[in-house]
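# A closer look at the structure
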Amino acid sequence: MKFEKELEDMIHACAQCFYCRVCPAFQSIKWESVSPRGRVYMLKGLKNKKIKLEPQLVEDFYKCTTCGACEEQCQTALHLVDLWEMARAEMVKEGLAPLPVHKKLRELALQTDNPYGEPKEKREDWIKGYKYEENAEIMYFAGCTASFRAVELAKNTVDLFNKVGLKFAYAGKNEYCCGSPFLRTGQRDVAYGLFRKNYEEWKKRGVKTIVSSCAGCYRTILIDYPKIAKELGLEWNFEVLHTSQLVNKLIKEGKLSPQKFSAKVTYHDPCHLGRHTKVYEEPREVIKAIGAELVEMDRNRGESFCCGSGGGVKSQFKDLAGAIGKNRILEAKETGAEYLISCCPFCKYHLKQMADEQGVQIKVVDLVEIVNNLAVKGEYKGDDIRCA
Amino acid sequence: MAEVKEIPKSDWAVHRYLYTRDISNAPVINLLLKQVDVIYQPRNEREVLEVLRIAKEEGATVVPRGAGTSGYGGVLPVKDIALLRLSRRKTIMIDFTRMDDFEIDEEKRLIECSPGAVWWEVEKKLNKKGLTLRVYPTSAPSSTVAGWIAQNGYGVGSLKYGGIAENVEKLRVADFSGVKEVEGKDLKYYIGMEGITGVITKAWVKVKEMEEMKYYGFHVSAKEANKIVFAGDHYAGLFLDSNYVKLKNEAFGTELPEKDTLMVATTEKLDGDESLGEEIWETRFYPMRVRRLGPGLVAAENVLPAESIPAYLNKLNKMIKKPHGSEIWYSKGRKGAVLSFIPSDERKFFSYAFTWFNSIRALKLAKSMRGVPYSTGFYLSSEAKLLFGGDYSELREYKRNVDPKGQLNPGKVFPVGVFPLAMGILQKVIP
């Protein structure tokens, strides 16, 4: 395995203090080979040839949702998520990764430009009936999950945009996966290809601002894309917003005045929106603006506990994703909230599944679904949402 | 008895490698250490006893492990040959990760903890009930209750409440003959003994009501710091020498004035800088961030009488030529645990090894000024007599009685084999 200087320096800077024990994977599995400290020490061992790069080690290395809880606690302030992704990319180069399901996602994405393997033409099915532009300064980037699996999120988002008269473009079948699943699992080549396609599309349409309702896409476009653009010698001058930020802005500017929402709610910080991009307060400000009673879970903001589905864990390690998700849904239940709000289709989908499995009576919804339902001019009527 | 197969265990080569470490990286001395053969993760006391039964049956040695956050080699298995034994014994590690539950007795102001309970998890639960720990280590976010008790030492709150030893009410311990509960004067057979006399399976620790605490910062010398710290009934005192503040600024990206700085946590009103005090208090769990500057770190930790500390720092600063710094947590009885850091790139073997000698030189200096090492573990077992003073012979005799075959964490606390002799010689020859 090759160790670039940046990777090697991080390995040696680790104090082995184990503040990263908060790792949701370690909390579930209890063996250090799935803990951040253990992973750093494994890398050290590989570099010093004390241990061998073997399939079980690689598998344990991938039992990480890249949630970044470790980074938040790290005594030596290491960029651990970057470290995991760099190391995974090296494991791919060594031929011991990607893991079987991640490899399958790669094959599907290479064929269809989305990891679900859905036909490209189907990508824009959900937007029928909504008004959008071919070219505009604001581009709505729905992402694969909202386009194929959680269409209610995409629909509510553009419905809300229509209600407030926001002029936005949508690329339809010319929107491509952001590449997040591949960056997170060390398959950088696939992500670079997808980046190029999206980038060219946005440039062609004169886009200045990209709005995403998916925390994973938002993180990728905000953080990874500028780095990739720099590597490829491309100019990067896009503003990137998450829907929660845009909604908060619209409310503050008086362009959106939702009705009041008389419910007790709790908020789950998606890792990619919270820890990765530090968007903690905007969703909470929206929740307060609609008048809901927000009850925080014990672990919130920087200390928020992952839902369990990120980093390729849900696709490859269903049991682990389930164990982590169960932990989180039970924490949400403890608040006594009626609604569990999040800002990520992945979190929503997984936590809803966990609530059903555990028999937890809590409605799992995305923030934009609630706001859209409360928006004055709207026609959309969600089943679960209760207005004051 | 539980079936052996029911207890989570692993002998996978990667786990054996991962569990054979603490936060230290001692050059050359590593040659005396070996890997564990199997790691057990018991879930309750019954399973701990079962692991001990297996160890007895197999003639194996047993190394208990909390979070592995100490740096004295207390959880590192020592080669039998280094202990002057010709036959190789199997080494079993008991990892307490799965025994991390605890209960709070609000009335008695006590916590009843399983060995793997993590200090800061306990603190968070206590706070919800209006209670708080009296003392906790600066590694509280990860270190375990039994781990710190087995290591012994001082930490946050020691200025008012003393070391952890003074805050343990009762222990439950397991050895090859079963389980017993110890309290009062018998606690000394287990606190700071690193599992060589028995394995802690439960600990009762004193806690207190939460109080409104203020944090004050002062730019004063170590001598002046002594006057402020011991003048009132303060909860905690932390001194950072100017060298450490410089390293801290570099590692944290902060701009603290690079002067000797004292932080006092207290319920009393003091004439200090509250924002400075709060800033230092908030980073109390991050002393090792300076490791980034190596990348790597050599540390030395000694406990000195408060009156000796100014002169100790003065001499230490002249002695160590590389960038370094020290922080001091004060303790009841006019003492201070001086922790000195020297960032050093551990990839540069000779330079790192040479830097490591500084920790031995710091110990030698501390001893010349009525100081003692913070702990013994494996690396400093040569210092046990100094650390335990008048109790040394009694404790050693107790160890012989309870573990006649030397299976419980051999090579720790008391000097056994070649290494303590080498350390003794090294201290004599090192300038």
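Conventions and cut-offs
- Once a new chain begins, its residue numbering starts again from 1 and follows that chain's sequence as written.
- Chains and ligands are labelled sequentially in the order written, the chains with letters from A and the ligands with numbers from 1.
- Local features in this predicted model are restricted to residues of pLDDT 70 or higher, and side-chain atom pairs are both shown and tallied only at a pLDDT of 80 or more, whereas totals for entire chains, interfaces and linings draw on every residue.
- Values shown for side chains rest on all heavy atoms present in the structure; no hydrogens or waters enter the calculation.
- A run of H or I in DSSP becomes a helix once it reaches four residues, and a run of E becomes a strand once it reaches two; helices and strands are each numbered from the N terminus.
- This radius of gyration counts C-alpha atoms alone. The globule rule is 2.2 Å times how many residues there are, raised to the power 0.38.
- Accessibility here uses a 1.4 Å probe with only protein chains present; expressed as a share of the type maximum, an area under 20% marks a residue as buried, one over 50% as exposed, and anything in between as partly exposed.
- Between two residues, a contact is recorded if the distance between any of their heavy atoms is within 4.5 Å.
- Just to be clear on terms, a salt bridge is a Lys or Arg side-chain nitrogen sitting within 4 Å of an Asp or Glu carboxyl oxygen.
- Under the rule applied, a polar contact is a pair of N or O atoms within 3.5 Å (in protein, one hydrogen donor and one hydrogen acceptor; residues adjacent in sequence only if both atoms are side-chain atoms).
- Start and end positions for the domains come from either an automated domain assignment or a database one.
- Note: buried area is the sum, over both parts, of the accessible area (probe 1.4 Å) each one loses when the two are combined.
- Under the scheme applied here, ten amino acids are nonpolar (Ala, Val, Leu, Ile, Met, Phe, Trp, Tyr, Cys and Pro), four are charged (Asp, Glu, Lys and Arg), and all others, including Gly, are polar.
- As defined here, a cavity is a set of points on a 1 Å grid over the protein atoms alone where a 1.4 Å probe fits but cannot get out. A pocket is an open set with protein on both sides within 12 Å along at least five of seven lines, and residues line them when an atom is within 4 Å of a point.
- Grid points are joined across faces, edges and corners, and a volume is the space filled by probe spheres set on the points.
- Each patch is built from residues that are more than 30% exposed by relative accessible area and take part in no salt bridge. Like charges join if they lie within 9 Å; nonpolar side chains (Val, Leu, Ile, Met, Phe, Trp, Tyr) join within 5 Å.
- The protein chains shown are the only cover counted for residues, whose accessible areas, like all others here, come from Shrake-Rupley with a 1.4 Å probe.
- A pair of strands counts as paired when DSSP detects no fewer than two bridges linking them.
- All axes here are fitted lines through C-alpha atoms, helices being fitted over the stretch that makes contact, and every angle between N-to-C directions spans 0 to 180 degrees.

Turning our eyes to something else, we now look at the overall build of chain B. Scanning chain B from terminus to terminus reveals 13 helices and 17 strands. Here the C-alpha radius of gyration of chain B, 21 Å, is about what a compact globule of 431 residues would show, namely 22 Å. Across its three principal directions, the C-alpha atoms of chain B cover 60 × 55 × 40 Å. Taking all 431 residues of chain B together, 62% fall into the buried category. Restricting the contact set of chain B to residue pairs at least 6 apart, pairs at least 24 apart contribute 75%.

Right, let's get into the interface of chain B and chain A. Taken together, the contact between chain B and chain A spans 39 residues of the former and 36 residues of the latter. Taken together, chain B and chain A are joined by seven salt bridges. A salt bridge links A:Lys44 to B:Glu346; the nearest nitrogen and oxygen atoms lie 2.6 Å apart. The interface formed by chain B and chain A contains 28 residue pairs in polar contact (both at pLDDT 80 or more). Every element with two or more residues in the side of chain B that touches chain A is listed here: β1 (9-10), α1 (13-18) and α3 (119-128) of chain B. Ranked by residue count, the leading element in the side of chain B that touches chain A is α1(B), at five residues.

Time to look at the domain arrangement of chain B. Reports often express the size of an interface as the amount of accessible area lost when the parts come together. Residue and element names in this part refer to chain B. Along its sequence, chain B is carved into domain 1 (9-97 + 399-414), domain 2 (98-209) and domain 3 (214-373). Measuring from the centre of the C-alpha atoms in domain 1 to the corresponding centre in domain 2 gives 21 Å. In this assembly, 29 residues from domain 1 lie in contact with 27 residues from domain 2. With both chains or domains summed, domain 1 and domain 2 bury close to 2,400 Å², and 68% of this area falls on carbon and sulfur atoms. At the surface where domain 1 touches domain 2, the tally comes to one salt bridge. Between Arg172 and Glu45 there is a salt bridge whose closest N-O contact spans 2.6 Å. At the boundary of domain 1 with domain 2, the tally comes to nine residue pairs in polar contact (both at pLDDT 80 or more). Elements represented by at least two residues in the side of domain 1 that touches domain 2 include exactly α2 (45-58), β3 (61-65) and α12 (392-402). Of the residues in the side of domain 1 that touches domain 2, the class split is 14 nonpolar, nine polar and six charged.

A separate point is the pattern of salt bridges. Residues and elements named next belong to chain B. Tallied over the full model, the rule gives 74 salt bridges over all chains. Measuring nitrogen to oxygen at the nearest pair gives 2.8 Å for the salt bridge that ties Lys90 to Glu58. A residue pair is termed long-range when its members are at least 10 positions apart, and Lys90 in the loop between β3 and β4 (91-95) and Glu58 in helix α2 qualify at 32 residues. Salt-bridge contacts for Lys124 lead to Glu121; the nearest nitrogen and oxygen are separated by 3.9 Å. Of the two residues, Lys124 and Glu121 both sit in helix α3, three residues apart, roughly one turn of that helix.

Turning our attention to the layout of surface pockets. Volume-wise, the largest pocket comes out at about 1,500 Å³. Taken together, 47 residues make up the lining of the largest pocket; nearest its centre are A:Arg299, B:Trp120, B:Glu121, B:Lys124 and B:Lys125. Counting residues per element, the ones that place at least two in the lining of the largest pocket are α2 (24-29), α5 (69-73) and α16 (318-334) of chain A together with α3 and α8 (274-282) of chain B. Broken down by element, the residue count for the lining of the largest pocket peaks at seven residues, all from α3(B). A breakdown of the residues in the lining of the largest pocket according to their chemical character gives 19 nonpolar, eight polar and 20 charged. Residues from two domains meet in the lining of the largest pocket; each of domain 2 (98-209) and domain 3 (214-373) of chain B gives at least three.

On the surface, B:Val28, B:Leu31, B:Phe349 and B:Phe350 cluster together to form a nonpolar patch covering roughly 480 Å² of accessible area. Considering the arrangement of structural elements, one finds B:Leu31 in the loop between α1 and β2 (38-40).

Looking along the chain, the bond that leaves A:Ala97 and enters A:Pro98 is cis, with omega of 5°. The residue after B:Gly294, namely B:Pro295, is reached through a cis peptide bond having omega -5°. By the secondary structure assignment, B:Pro295 is in the loop between α8 and β14 (297-305). For B:Glu194, which is not a glycine, the phi torsion comes out positive at approximately 55°.

Residue and element names in this part refer to chain A. Spatial strand order, β2-β1-β3-β4: four strands in an open sheet with parallel pairing. Unpaired on one side and paired on the other, β2 (169-170) and β4 (239-242) mark the two borders of the sheet. The sheet contact formed by strand β3 (residues 209-212) and β4 spans four bridges and is parallel. Its bridge partner lying in β4, Ser212 is registered against His242. The strands that helix α9 (residues 151-164) touches are β1 (138-141) and β3; relative to β1, the one it contacts most, it runs at about 160°.

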